[in-house]
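Structural overview
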Amino acid sequence: MPVDQIFLSVKASFVIEKGKQEASGYPSELLFDSAAQPLPPGARASVVSGRQLLYRIGTVYVDMEMDRMSNSERTALVGQMLDSARPGQPLAGISVSLHEHGRSIARTLSNDNGEFRFEFDIKKGLTLLVSMDRRHTVRLPLTNLDVRSTTSSPGKRRKATAGAGVSSIAPDV
């Protein structure tokens, strides 16, 4: 295949992928990850124990903080969604679910202030799914988490619990 045809094929594939993102209506962008921030010069350790993430989904900002619970291997994730196109109008009743390797482990709805909360055992492969409407769900990766090996009996897994007034669901084992 001639070089100019290869170039056109690659260029077309980028246009197709961009079109898919625009068709979904809700591409997401990670704006801030505190774990990716370098320590100031001369600092040996960070005083901040949690991790902060800020995602943008169109005009909606999802601000989250994850922190290990004291005397526990569990982690609390607290978040809030705000729509910059509608200031003063909180995003209440938005479905938010926590997934581990594609399997739902907990879900909740955002409260009257657009807030949501989860408690879970920290593991690799965690993703937050935000249902912007009935047809569009956006995946927000919670990657590079501080995963420590936990000893638990096979077949016995803790439930992830959800906040904001919605019951949690147990994972399928």
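Above this text is the structure in question.
Since we're looking at a predicted model, the values are computed, not measured.

1. Points about a nonpolar patch on the surface
Taken together, Leu 31, Phe 32 and Tyr 61 make up a surface patch of nonpolar side chains, about 230 Å² in accessible area. Checked against the element boundaries, Leu 31 lands in strand S1 (residues 28–33). With relative accessibility at 38%, the residue Leu 31 sits in the partly exposed group.

2. Comments concerning the nonpolar core
One finds Val 62, Met 64, Met 81, Phe 116, Phe 118 and Leu 140 to be the most contacted residues of the largest nonpolar core, which totals 25 residues. Of all the elements in the fold, those that place two or more residues in this core are strand S2 (51–57), strand S3 (60–68), strand S4 (74–83), strand S5 (95–100), strand S6 (103–109), strand S7 (115–121), strand S8 (126–133) and strand S9 (136–141). When near neighbours in sequence (up to four residues on either side) are disregarded, Leu 140 contacts Ser 28, Tyr 55, Ile 57, Val 62, Met 64, Thr 127, Leu 128 and Val 130.

3. Some words on the sheet that holds S8
Ordered in space as S6-S5-S8-S9, the four strands form an open sheet in which the pairing is antiparallel. Of all strands in the sheet, those bounded by a partner on one side alone are S6 and S9. Pairwise comparison of adjacent strand axes, ignoring direction, gives a mean angle of 25° for this sheet. In the sheet, S5 pairs with S6 via six bridges, with the strands oriented antiparallel. Bridge assignment links Ser 97 to a residue of S6, and that residue is Arg 107.

4. Some words on the pattern of salt bridges
Going through the model one piece at a time under the given rule, you end up with six salt bridges. Across the pair Arg 68 and Glu 73 runs a salt bridge, and its minimum N-O distance is 3.4 Å. Residue classification places Arg 68 among the partly exposed residues on the basis of a relative accessible area of 24%.

5. Describing the side chain of Arg 74
As for its placement among the helices and strands, Arg 74 is situated in strand S4. Among the polar contacts listed, one links the side chain of Arg 74 to the backbone oxygen of Glu 119, at a separation of 3.1 Å.

6. Here's the deal with the pairing of S5
Taking burial as the measure, the six residues of S5 include five buried ones, the bulk of the element. Between the end of S5 and the start of S6, which pair antiparallel, lie two residues, with His 101 showing a positive phi angle near 50°. In this sheet, S8 lies alongside S5 in antiparallel orientation, the contact comprising six bridges. Looking at the pairing, Ser 97 lines up with Leu 129 of S8.

7. Brief notes about unusual backbone geometry
The phi angle at Asn 71 is positive, at roughly 55°, despite the residue not being glycine. Summarising the element assignment, Asn 71 is placed in the loop between S3 and S4. If you check the backbone angles, His 101 has positive phi at about 50° while not being a glycine. According to the relative accessible area criterion, His 101 is exposed, its value standing at 62%.

Calculation rules
Residues numbered from 1 in each chain as written. Predicted model: local features only at pLDDT ≥ 70, side-chain atom pairs only at ≥ 80, totals over all residues. Heavy atoms only, no water. Patch = residues over 30% accessible without salt bridge, like charges linked within 9 Å, V, L, I, M, F, W, Y side chains within 5 Å. Areas by Shrake-Rupley, 256 points an atom, 1.4 Å probe, with all protein chains shown as cover. Salt bridge = Lys/Arg side-chain N within 4 Å of Asp/Glu carboxyl O. Helix = DSSP H or I, 4+ residues; strand = E, 2+ residues; numbered from the N terminus. Buried < 20%, exposed > 50% of the residue type's maximum accessible area, 1.4 Å probe, protein only. Core = buried A, V, L, I, M, F, W, Y, C linked by side-chain atoms within 4.5 Å. Contact = heavy atoms within 4.5 Å. Pairing = 2+ DSSP bridges. Axes fitted to C-alpha atoms, helices over the stretch in contact; angles between N-to-C directions. Polar contact = N/O pair within 3.5 Å; in protein donor to acceptor, adjacent residues only side chain to side chain.

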